[in-house]
Every structure is written in structure tokens, then in C-alpha cells.
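One letter stands for each residue in the lines below.
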Amino acid sequence: MDLPASDVELVPENEKIEDGKERGHLFHCELYDTEIVRKIGQIFLPGLSSACVDNTTGDMFRSPGSVAVDVRKEMIDYLTQRSESFVAESVVLEGGPDAEVSDHPYDIISVMVDDFASLKRSLFGRVSGWLLSEKREDKIDDFIQEMETNGFWLLEKREAIAQILVKNVDYKNIFHCDKKFNTVEELAEHVVNCGFRTMNCTNEGCTTVFCASQLEKHDSACPFKIIPCEQQCSENIMRREMDRHCITVCLMKIVNCPFYVVGCQSTVPQSMVQQHHSDNLHSHLLNTLKGIHEGALEEDLKRRVDQIVELSSGQLADDRDVRSLILKVKDLEAKLGPLEVKAAGENGGEESIKAGNKGGDESAEVA
């Protein structure tokens, strides 16, 4: 591809203002929304590539690279002229200045780039089968990569064009500064505090550049900012790592109680599982005994729980899963003997009966 290794000055002559001084001896602030200008600069290469590919499609003697320089110049002139007449054009096409039209420079200039690319299509390039083909998309992508590799139309040069276009179409002065001053001193004093002055993110690892007025917006979403854990654990985590932290290692991650398999339906922070078990030891033991002594009355099981807790001397509070708790309970029950259950006696009173455990001796011994 016959592309120049270095770029040339492409800013239209009528846009060059020496030392920022305009007619009437006023000094104009040249600052703008850095993020918008960069985004617009990034759409120029795909637009240029589309125009070059479609313009040379079906031509045996020309390639996209052979027309890139001329097409680029035509594209800049086209965009400049369209942007200069944008306000008047909008009024004519949309029916008045109050009509609903996009006032965002990115949307406006994107449409202009697409319009230019469509104007450069050759007769073959206008065929619908070609426009919708994957081969066309591949050629456009390949030519974009080729231009980037050869350093053709560097981003900073494209941004210089984008600055001019933004100022032309941003008639509401939302994305650039329109302040004017009588002296250089006044301008210099303003630039230091201008909301469109360029700033770099101070968060380690972030390379984003934005204007000062966007500082709060960027800071609230910067993926590299260190912030307190969203689940209020003691850790400070990089925002982009927050989701992984919260669902993996965070001590405040909400988990099911380890004893949910025997009936506890509580959900607790991971760091509070042990405290939850200590506070609810009696209910965990009761649920465990219900599985061991199926059919036993809850009143009898509650007395058994009190006996087990008294005999365990606080050792059961350290158990963190059902298996270890059941093993300890069975050992303690072996020391306590068969479960005592209350049954009606022959004279209307109550008799204490010792019942065997599930799976053990099924005989009942009357005490």
C-alpha cells in the first residue's frame, strides 16, 4: 500500500488562528471535552476505510491504499463544510430550531462520516449484495489495521480535525468552551480553572483522560478506584474486582447455615457462621436429634438437648458442620443411655420409658 510514513498538517486553513487571537482583539478559550473529541477521532479511520474500499471495488487498477491520501483530503473538506452549515441545515431539514434532532456531536458527525462514505461508492460498490457481504467487512477491517500499522493519519491528527468539527456543530456550547477575553492574562487565568481543562485519572492503573467537569462522573465509575467493600467487610477493593471479591473471599458474603440440611433455614454472613451456631446451638441440636430419634416427641427431645449441652461442657459450639455434630451427639448419647420418653401410666400418671436410637436396639425398657 502506498501510504506516507508520516502525517501532514490537515487542519483547514480558515480554522488556524494565530496565538488564539480572533477578530475584534478577543482571545478565545480553545478547550473542549477531551473524551468526546477522542471518540470522534476514532470513527474517522473506519469511515475512511469504508470509503476507500467501496470506491475501488471492482477496479483492477486501483486499491484502497492508492486512493487513501486523496479520499482523506476530500473527507476532511466534506466534514468541515457540512459542520459549518450544520445549524442552518438542521433548521431546513427538521422544520425549525425547536424540532427534535440529536445535539450530541458524536451522533451528528457519525452521520456525516457515513454520508461521505456512501458518496464515494463506485457503481459496483453500490450493489446491495456487496454492501451486506462479509468479504466487504473483512476488507474494511484489514485496511483499518493496515493504516494503523503504517501510522497513516495518527489519532492526534484526527483529534485536531474533531476539535474543529465539535466547535462547529456544538451550537449549545455543551462540549466546548466558548469564553472570550480581552487580554492574554485574563485567558490564562480562566484556563487554569476552566471546566474543559484536561485531567488525568490519579487511580493507579487507569490511563483515562477527561475534562475537569467530568472528574466526579469518572471517579464514580473508574474501575481502578479503591473503594470499601460493598458488603461492608473491612477490606478495600479495586472497583473492577469487587464482584469477584463479594462472591468468593468476602467475610461478609451471605451463606446458608451449615445446618440447613437438618432444618435451619437461616442465612448469615460468612464471618458470623460460628457465632450463629453458638447462639442457636439448642435449635441445631434439636433438629439433629429429630433425625436420630424419628417419631419422638419434641418435649422429650428438648430435655435430651439440655442433657447433651450440660454433658458436653461447651464443646459442641465449635462444630462447623452436621457430620461432626452428629458424631459428637452420638458419643454423648452413648454416655447418657437410651432416650427417656414420657408415656401415660396405668393409673393416669406418667411413666418414664427408655427408647432405643434409630437403627439400634428396638426393644423398649420400662423403668
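Residues numbered from 1 in each chain as written. Predicted model: local features only at pLDDT ≥ 70, side-chain atom pairs only at ≥ 80, totals over all residues. Heavy atoms only, no water.

*Asks:* Break down unusual backbone geometry for me, with residues and values.
*Replies:* In this structure, Asn 173 takes a positive phi of about 55° despite not being glycine. Positionally, Asn 173 belongs in the loop between helix H7 (155–169) and strand S2 (180–181). Judged by its relative accessible area of 32%, Asn 173 is partly exposed. The phi dihedral of Gln 232 is positive, around 65°, even though this residue is not glycine. As for its placement among the helices and strands, Gln 232 is situated in the loop between strand S5 (226–228) and strand S6 (236–238). (Helix = DSSP H or I, 4+ residues; strand = E, 2+ residues; numbered from the N terminus. Buried < 20%, exposed > 50% of the residue type's maximum accessible area, 1.4 Å probe, protein only.)

*Asks:* Help me get a handle on the pattern of salt bridges, residues and values and all.
*Replies:* Side chains bearing opposite charge may pair, as long as their charged atoms lie close to each other. Within the structure shown, the criterion is met by 14 salt bridges. Its salt-bridge partner being Asp 54, residue Arg 121 comes within 3.5 Å of it at the nearest N-O pair. Pair noted here: Arg 121 is in the loop between helix H4 (105–119) and helix H5 (128–131) and Asp 54 is in helix H1 (residues 34–56), with a separation of 67 residues, a long-range link. The class for Arg 121 is partly exposed, based on a relative accessible area of 25%. The exposure class of Asp 54 is buried, given its relative accessible area of 0%. (Salt bridge = Lys/Arg side-chain N within 4 Å of Asp/Glu carboxyl O.)

*Asks:* Quick rundown of the side chain of Lys 253? Include the residues and the values.
*Replies:* As for its position among the elements, Lys 253 is in the loop between helix H10 (242–247) and strand S7 (254–256). Within the buried core, Lys 253 has no salt-bridge partner, and the shortest N-O distance to an opposite charge, that of Asp 243, equals 14 Å. Polar side-chain contacts of Lys 253 include one of 3.3 Å to the backbone oxygen of Thr 248. If we ignore the near neighbours within four places in the chain, the residues touching Lys 253 are Gln 231, Cys 246, Ile 247, Thr 248, Val 268, Pro 269 and Gln 270. (Lys, Arg positive; Asp, Glu negative; His and termini not counted. Polar contact = N/O pair within 3.5 Å; in protein donor to acceptor, adjacent residues only side chain to side chain. Contact = heavy atoms within 4.5 Å.)

*Asks:* Now, about the packing of helix H12 (residues 281–292) against helix H13 (residues 298–312): what can you tell me, with residues and values included?
*Replies:* With their axes 9 Å apart at the nearest point, H12 and H13 run at an angle of 120° to one another. Taken together, the axes of H12 and H13 are oblique relative to one another. Helix-helix and strand crossings are classified by hand; for H12 and H13 the assignment is right-handed. On H13, the residues that touch Leu 281, His 282, Leu 285, Leu 286, Leu 289 and Lys 290 of H12 are Glu 298, Leu 301, Lys 302, Arg 304, Val 305, Asp 306, Ile 308 and Val 309. For the contact of H12 with H13, the class distribution of residues is eight nonpolar, one polar and five charged. (Axes fitted to C-alpha atoms, helices over the stretch in contact; angles between N-to-C directions. Parallel < 35°, antiparallel > 145°, perpendicular 65-115°, else oblique. Left-handed = near helix turned anticlockwise from the far one by under 90°. Nonpolar A, V, L, I, M, F, W, Y, C, P; charged D, E, K, R; others polar.)

*Asks:* I'd like a description of H1, backed by residues and values.
*Replies:* Taking 1.5 Å per residue, 23 residues should reach 33 Å; H1 reaches 34 Å between its end C-alpha atoms and fits that length. Among the 23 residues of H1, 18 are classified as buried, and the element is accordingly described as predominantly covered. (Expected span 1.5 Å × (residues − 1).)

*Asks:* Just give me the short version of the packing of aromatic side chains, but keep the residues and values in it.
*Replies:* On inspection of all chains with the given rule, the structure shows three aromatic pairs. Here the aromatic rings of Phe 44 and Trp 153 are separated by 5.7 Å at their centres, their planes lie at 10°, and the arrangement is stacked. With Phe 44 in helix H1 and Trp 153 in the loop between helix H6 (134–149) and H7, this pair connects stretches of sequence that are 109 residues apart. For the residue pair Phe 44 and Trp 153, the accessibility class agrees, reading buried in each case. (Phe/Tyr/Trp six-rings, centres within 6.5 Å; stacked < 30°, edge-to-face > 60°.)

*Asks:* Give me the lowdown on the packing of H12 against helix H14 (residues 322–336), citing residues and values where you can.
*Replies:* Between H12 and H14, whose axes approach to 11 Å, the crossing angle comes to 75°. As far as their axial angle goes, H14 and H12 are roughly perpendicular. Packed against H12, whose contacting residues are His 284, Leu 285, Thr 288, Leu 289 and Ile 292, the element H14 presents Leu 325, Ile 326, Val 329, Lys 330 and Glu 333 at the interface. Grouping the amino acids of the contact of H12 with H14 by side-chain chemistry returns six nonpolar, two polar and two charged.

Note that all results are geometric; they support no functional claim without further evidence.
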